[in-house]
Amino acid sequence: MEDYPEELRTPPVTLVCLAGCPELHHPISAFLHSEQPPINTLALPDFSKASVLARKKSKDPLSQPTPAPPSGILKRDWLLKHRTRVPAVVAALFRADQISGDPAQWLQACTDLENLKSVIHGRSTRLVVVLVHTQETEEPSEDLMIALRKRAEIEPKHLVTFVQNDASDLRQSLNKLASLFAELCLMYYKEEGRRIRSIIEKRSSPYPELNIRYCFKIAIYAEFRRDWNEALKFYEEAYRVLREMTNTSTQLPPIQRLVEIKVIAEQLHFKISTLLLHGSKIMEAVARFLKHIKTYKRLVGPSEVDFVHWEWFSRQYLVFAELLETTTAGPPSSLSPRFGTAESPFSEWEFQPAYYYQLAADYLREKRSFLERSSLSKTDLPTKITEAPDSVMPSIYIGQLARLVEEGDIVTSLPLSDAEYVAYTLAEAERFQDCYEIIALYKRAQESFSSHGSQRMACLCTIGMAREYYASDEFTNSKQLFDTVAALYRREGWALLLWEVLGYLRDCASRLGLTKDYIAYSLEMAALPVMLTGCEKTIDYGPAGPATLARREEIQREVLNFEVETEPVGLDIDPVSPLRSVLLVAVAFVEQSVKPGLDALITVSLLSQLPLPCKLDSLEVEFNQPACNFSMSELLEVSTNKWLRLTHEVKSGQSGKLECLSVKAKINNNLIICCRAESPALMEDLAMWKYENQPETYPTLDPALSLSGQKSIQVEEPNPLVDLTVNSTGPALVGEVFRIPVHVVSTGHVIHAGELKINLVDARGGGMLMSPTETDDSDAHHVELLSISGLPEEKEDVSKSDLLEETETDVIKKIQYSFGVVSVPVLKEGDSWSCNLEIRWTRPKSVMLYVSLGYNPGDVDQRVNVHRSLQIEGKVPFLINHRFMMPFRREPLLISNVRSVISPGEEQKVSLALKENNIVIISAKNCNEVPLNLVSLKVLPESGTDSSEKLFEVQEISGISNKNNTRFVPGEEFRGVFSITPLVANPNFSLGVVCLEWMRENQNQDQSQTVSTKHSLPRVCVEEPPLVASIECPPFAIVGAPFSLYIKVKNTTSLLQEIKYSLGDSQNFVFCGAHVHSASVLPGKEHVLSYKFVAFTSGLQQLPRITVTSVRYSAQLNPSVAASTIFVYPTEPKFSLEKNGTQLLV
């Protein structure tokens, strides 16, 4: 489509001529171009250039009395002339001062108008006069405007004023001018079309050429007006008339006449297809194209110009494909998958551009084939012309050529004869190479097919490209494309198609000097299951020739007798190689396992699909243990589709897996085929042969072995004569260094190169002994291997840092905390060796301990391994809890407890009084089955705090004696009491940690074996209480005897505090003093309330309820139940105290 002129490819755009005022041409033209539809402009800087619009004198062919037949159908430059040189409107631009100035300027303006009128005389071109001024006051008078309009002979609305400088008025003037131009252009093209239509209606022309020409012009004028329906109607009428005149005689020779008709038909069909697709009528466009192809496919012409016809035919498909590619209309939703059915005459392919690109390439190949096989010489031309004419150029009519003849200073254009035309076109066709254009067309079709998922059609186009490269001697590109096609044909099993492709690949490899590829392609061809008979042999299969048995045998003999100049050619055949049908190797061990040192029976089976028996000079079988390799030097022969079974004994090597890797076959000392060994149980059928009608055979004589045989066998390890013992003393406790003894005793083997591997794995699975989200510190590892003790002196206490290389990364070191390796010394029979594994738990976790001993028994290079495993439970030694209390009968007023607001999900903090003794009771319970000795219990500051600043004071009230450790059996609980006095007020105060030191019961008093377990106390809110209330009374009372009770309220603030207090009634006591009263407590002072009580009832009695209320803080202080309880004796008790050791007896 790019070869078409632009005026044909694009819709017509109306043309307006601007004359005068050149400074306004650019803004007016830019504005008209931006309009929809746009308007082109022809700018004349001054009126002296108006002669370019002059009309050439031409006579109407029908105006003559005896009209002569026209020389052609369509003139070549008519459409370009009407788009660039024949305007629909001519606008004369005058400045206002040119009209209203002196008389000379007025006369010049009148002269310019007369010249314009004379130039456009005889046409329907409209004249517009534009007066340009910058201010409204410059507008000429009404009389002058009337005189100017009469001089121009135009209607009043065709005289337009144009304001130049004012921005808003400029935009308004441009819009007004564009609207007038669009209206006048529409009138012009409508009148031109009506004028030509009247010619057709009034006169019945005897020449169809003129009817075609007039219909074409009417359609073009309709396109100028954007009347697509009328344009389509007259294009179709011109196409119909053109089809009817194919058999009429004209002045042109028959060959050139047929070429002209085809060229005109091509342009008309292009216009019709463009309009149909523009209107989203894709089905009509496809139907029209198929009808167009059917109509002109038979109009080939004389045989000497067949190539011209096929080139024209290819161009039709190419142009329509490009039109389909650029259209926005999609194919119908329901289409038949087959070509041409009664219900739907179209298929989905006919709506795809790829289909037309492929056919365009096919017909262009047909043109090239005709030129290649044509035996027409220059002496065989009809007029015996031996050379092509010179100075040939396109004629003034579309589809015609002319020859320029110079006679002195006169150049004459003469028509060509058919002989001259054939000689010229043949010379031009031979001068240009079509192969690259064919490749480009196939490439576009292949890409389009691939984008729609049509891989087989894309593959067909790839073959077309590869053939063109092959014909152009570009064998590298051809081989690359043929390789991609062969991969698809192998995968889908297209044997006959693969034969043809392999023939091209074989020839390309031969021409490129690729010996290995040449042999591989040849062997694959010889092993294909193809055998043609009858008429199929007449099909052209390219360099491969017919796919017959004789041809396969010929290729096999040729490649096996191929002489190699240097070393033998090696071919590798794996389970996915296309050469498996050349030589297939199946290897099966008779047994599944074998003792070390014993012989294992192995069966090696070979199968070939080559048409002739293949003789092997030698056979070499390779294993993963090179010591087991063996070879066969006798001559072997592999028959077609018949297993060659070879049985051999293999001496088992080292323990582990013994696997057959490959089998190498040497043929005629110039070819070595290395086949990957396959297990019969896992072997797949040959892809190209599995659907062939041939008897089923098994690679082994025993069918059961063919179904279960494997190419590998397990060589068992020799029985270890070593005892490996791993013992555990019970569960491991978090924090302690847990020692596990490992004993190695030789009971028959001499241990050489011994190696002990220790591996710790989570017993619950997963393998990791640390949390993936935790940081790299010592506490991040739940379980870690610290060291291996008990080694010889030079390796005593080998820690994990000695076992790790310094170049390892941190991640590798994390993994190495659960892994250790240590060498075992040489042990003779009866010798023993032991070591201790020191493991530490930081979290309770169940761990599997794996210990593996690997060694060589004596001087034998055979590795023996002994494995032991042990599950160890990691448990918490103590369960530590705590509880806060205030001193007995002392209550501080804590504001945070009164006004605290707790958010959802937030834990409430304990509030403690500043500089008051706060009691902490710490309990530790032995929660495992191991008896433990408690060494000490302390409360220490939190690590990381400033030791120079004393934040709180700790005093131990009751705890563990420093002389003797406290023994705790499982389930027993110990309590320690501490007094903590905070010295700093802080809403987030840290009370430190509880440090509990302990050891197992069976360990001695070695401080190195003492384990420290820490428990962090929670953060508390420390604040200064404004009031502190305390109660003082005797420890007991006697019935009927009065006793005193004092309530002391201390004000710790610098403000006067007002308090209210009350004392409730009780039936067990009588008292004297105020029941309800209030008082004021001075800053820093203490207010004492005194009461006298007499008890009536003996026993444990509850004092009357005491309430102290702070008026400022609206808070009450209520002593606890324990603080307001007293024991009452019925009479005065008699105490007898005697010292007995450390106890007092009452």
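Residues numbered from 1 in each chain as written. Predicted model: local features only at pLDDT ≥ 70, side-chain atom pairs only at ≥ 80, totals over all residues. Heavy atoms only, no water.

Would you mind going over the overall build of the protein chain with me for this structure?
Assigned secondary structure in the protein chain consists of 24 helices and 55 strands. In the protein chain, which comprises 1146 residues, the share counted as buried stands at 47%. Accessible area of the protein chain: about 58,400 Å², with a carbon and sulfur share of 50%. (Helix = DSSP H or I, 4+ residues; strand = E, 2+ residues; numbered from the N terminus. Buried < 20%, exposed > 50% of the residue type's maximum accessible area, 1.4 Å probe, protein only. Areas by Shrake-Rupley, 256 points an atom, 1.4 Å probe, with all protein chains shown as cover.)

Just to check I follow, could you spell out empty space enclosed by the protein for this structure?
Summary: where empty space remains is shown by rolling a probe the size of a single water molecule over the atoms. Summed over all chains, the structure comprises four cavities of 30 Å³ or more. For the lining of the largest cavity, the secondary-structure elements that each account for two or more residues are β32 (890-892), β43 (1027-1032) and β51 (1106-1110). The element contributing the most residues to the lining of the largest cavity is β43, with three residues. Among the residues forming the lining of the largest cavity, the class breakdown is eight nonpolar, three polar and three charged. When residues of the lining of the largest cavity are assigned to domains, at least three fall in each of domain 4 (878-896 + 909-1023) and domain 5 (1027-1129). Taken as a whole, the second largest cavity holds about 60 Å³ of empty space. (1 Å grid on protein atoms, 1.4 Å probe; cavity = no way out; pocket = protein on both sides within 12 Å on 5 of 7 lines; lining within 4 Å. Points joined across faces, edges and corners; volume = space filled by probe spheres on them. Nonpolar A, V, L, I, M, F, W, Y, C, P; charged D, E, K, R; others polar. Domains from an automatic or database assignment.)

Looking at this structure, how should I read a nonpolar patch on the surface?
On the surface, a nonpolar cluster with roughly 230 Å² of combined accessible area is contributed by M393, L404 and V411. Mapped onto the elements of the fold, V411 is located in strand β8 (residues 410-415). In this structure V411 comes out as partly exposed when scored by relative accessible area, which is 49%. (Patch = residues over 30% accessible without salt bridge, like charges linked within 9 Å, V, L, I, M, F, W, Y side chains within 5 Å. Salt bridge = Lys/Arg side-chain N within 4 Å of Asp/Glu carboxyl O.)

Would you mind showing me how to read the sheet that holds strand β37 (residues 966-968) here?
The strands that make up a sheet pair up through hydrogen bonds in the backbone, lying either parallel or antiparallel. Taken together, four strands build an open sheet; the order of strands is β37-β35-β40-β41 and the sheet is antiparallel. Single-partner strands in this sheet number two, and they are β37 and β41 (1011-1016). For this sheet, the mean angle separating the axes of adjacent strands, direction not counted, is 35 degrees. Across three bridges, the pairing between strand β35 (residues 932-940) and β37 is antiparallel. Note on β37: the bridge partner recorded for L934 is T966. (Pairing = 2+ DSSP bridges. Axes fitted to C-alpha atoms, helices over the stretch in contact; angles between N-to-C directions.)

Could you clarify how one ought to interpret the packing of helix α15 (residues 435-451) against helix α16 (residues 455-471) in this entry?
A pair of packed helices is characterised by two quantities: the angle between their axes and the separation of those axes. It is the contact of α15 with α16, at a shortest axis distance of 8 Å, that shows an interaxial angle of 165 degrees. Accordingly, the angle class assigned to the pair α15 and α16 is roughly antiparallel. Between α15 and α16 the crossing geometry is left-handed. On the side of α15, the interface is formed by C435, I438, I439, Y442, K443, A445, Q446, F449 and S450, while α16 contributes Q455, M457, A458, C461, T462, G464, M465, E468 and Y469. Tallied by class, residues from the contact of α15 with α16 come to 11 nonpolar, five polar and two charged. (Parallel < 35°, antiparallel > 145°, perpendicular 65-115°, else oblique. Left-handed = near helix turned anticlockwise from the far one by under 90°. Contact = heavy atoms within 4.5 Å.)

I tried to follow the nonpolar core on my own but got confused; where do I start?
By size, the foremost hydrophobic cluster in this structure holds 201 residues, and its most contacted members are F181, L242, L606 and F623. Per-element tally for this core: the top contributor is helix α10 (residues 254-278), with 13 residues. Residue assignment places this core across two domains, with domain 1 (1-54 + 72-205) and domain 2 (569-715) each supplying three or more. In this view, L606 contacts L583, L584, V585, L616, L619, V638, K642, W643, L644 and L646; residues no more than four positions away in its chain are not counted. (Core = buried A, V, L, I, M, F, W, Y, C linked by side-chain atoms within 4.5 Å.)

How should the packing of helix α9 (residues 228-244) against α10 be read in this particular structure?
One way to put it is that α9 packs onto α10 with a least axis distance of 9 Å and a crossing angle of 155 degrees. Classified by the angle their axes make, α9 and α10 are roughly antiparallel. Here α9 runs over α10; the crossing is left-handed. Listed contacts from α10 to W228, A231, L232, Y235, E236, A238, Y239 and L242 of α9 are I261, I264, A265, L268, H269, K271, I272, L275, L276 and H278.

Please clarify how the packing of aromatic side chains should be interpreted in this entry.
Each pair of aromatic rings is reported with the distance of its centres and the angle of its planes. Applying the stated criterion across every chain yields a total of 41 aromatic pairs. Centre to centre, the rings of Y355 and Y356 are 5.0 Å apart; their planes meet at 80 degrees, and the pair counts as edge-to-face. The pair Y355 / Y356 is uniform in exposure class, with both members buried. Ring geometry for F1127 and Y1129: centres 4.8 Å apart, planes at 70 degrees, overall edge-to-face. The exposure class assigned to F1127 is partly exposed, which follows from its relative accessible area of 36%. Residue classification places Y1129 among the partly exposed positions, given a relative accessible area of 26%. Ring pairing ties together the aromatic residues Y239, F289, Y296, W310, W312, F313, Y317, F320, Y355, Y356 and Y363, which thus form one cluster. Residue placement shows K262 over the ring face of W312; its charged tip is 5.7 Å from the ring centre. Positioned above the aromatic ring of Y239, the side-chain terminus of R288 is 4.8 Å from the ring centre. (Phe/Tyr/Trp six-rings, centres within 6.5 Å; stacked < 30°, edge-to-face > 60°. Lys NZ or Arg CZ within 6 Å of the ring centre and 35° of its normal.)

Hey, could you run me through the environment of R123 in this one?
Positionally, R123 belongs in the loop between α5 (103-119) and β4 (126-133). Ignoring any residue separated from it by four or fewer positions in sequence, one finds R123 in contact with L53, A54, R55 and V86.

It is not clear to me how the environment of Y397 should be interpreted in this structure. Could you clarify?
Positionally, Y397 belongs in the loop between β6 (392-394) and β7 (401-407). Taking C-alpha positions, Y397 is 5.0 Å from R76, a pair spaced 321 residues apart along the chain. The residues contacting Y397, other than those within four sequence positions of it, are S71, G72, I73, L74, K75, R76 and R213.

Is there a simple way to think about the sheet that holds strand β12 (residues 599-607) in this case?
Spatially, β10-β12-β17 is the arrangement adopted by the three strands of the open sheet, whose pairing is antiparallel. What marks the edges here is a single partner per strand, and that holds for β10 (584-589) and β17 (644-651). Direction aside, neighbouring strands of the sheet carry axes that sit 25 degrees apart on average. Bridging between β10 and β12 involves six bridges; their strand directions are antiparallel.

Quick question: what am I supposed to make of the pairing of strand β25 (residues 783-789) here?
The two faces of a sheet get side chains in turn, since along a regular strand they alternate between them. Where burial is concerned, most of β25 is hidden: seven out of the seven residues are buried. Bridge count for β25 against strand β28 (residues 832-841) is six bridges, and the pairing is antiparallel. Counterpart to S787 in the pairing with β28 is E838.

Help me out: how do you make sense of α9 in this one?
In an α-helix, one turn spans 3.6 residues, which is why side chains three or four residues apart end up on the same side. The end-to-end C-alpha distance of α9 is 25 Å, a good match for the 24 Å that 17 residues give at a rise of 1.5 Å each. Taken together, the buried positions of α9 are E230, A231, L232, F234, Y235, A238, Y239, V241 and L242. Lining the buried residues of α9 we find α7 (167-202), α8 (208-224), α10 and α11 (282-296). (Expected span 1.5 Å × (residues − 1).)

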